[in-house]
Amino acid sequence: MHCSKVTHLTLIGDSIFDNSAYVLGGLDVIAHVRATLDVSDRATLLARDGAVTNDVSSQLRQLPVETTHLFVSVGGND
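What counts, and where the lines are drawn
Residues numbered from 1 in each chain as written. Predicted model: local features only at pLDDT ≥ 70, side-chain atom pairs only at ≥ 80, totals over all residues. Heavy atoms only, no water. Salt bridge = Lys/Arg side-chain N within 4 Å of Asp/Glu carboxyl O. Helix = DSSP H or I, 4+ residues; strand = E, 2+ residues; numbered from the N terminus. Buried < 20%, exposed > 50% of the residue type's maximum accessible area, 1.4 Å probe, protein only. Pairing = 2+ DSSP bridges. Axes fitted to C-alpha atoms, helices over the stretch in contact; angles between N-to-C directions. Contact = heavy atoms within 4.5 Å.

Draft legend 1. Representation of the pattern of salt bridges in the model. Evaluated as defined, the whole model comprises one salt bridge. Of the charged contacts in the structure, one is a salt bridge between Glu66 and Arg42, with a shortest N-O distance of 3.4 Å. A residue pair is termed long-range when its members are at least 10 positions apart, and Glu66 in the loop between helix 2 (56-61) and strand 3 (69-73) and Arg42 in strand 2 (residues 42-45) qualify at 24 residues. Residue classification places Glu66 among the partly exposed residues on the basis of a relative accessible area of 40%. By relative accessible area, which is 44% here, Arg42 ends up partly exposed.

Here it is, written out as structure tokens:
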């Protein structure tokens, strides 16, 4: 039996990732990411529009244990 590893991407930080308010009905970052993944893979958005560097620690506390890849974009609001 072949078992492939499931990928779970998690995005933390600010509006670079949590950009749905800025795409005027278009696809936001998390939708684009999910569209590129295999059906068994997952992507979680923990980033929040308006977040600053100090908010990253609270986002990390919410990190799913199954996360295999972590993407961070923060500092633009500092």
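Draft legend 2. Broad picture of the sheet that holds strand 3. If you trace the three strands from one edge of the open sheet to the other, you get 2-1-3, paired in parallel fashion. Each edge of the sheet is formed by a strand with only one pairing partner; in this case those strands are strand 2 and strand 3. The average angle at which neighbouring strand axes cross in this sheet is 15°, direction not considered. Where helix 1 (residues 29-36) meets the sheet, it contacts strand 1 (8-13) and strand 2, and its direction lies at approximately 170° from that of strand 2.

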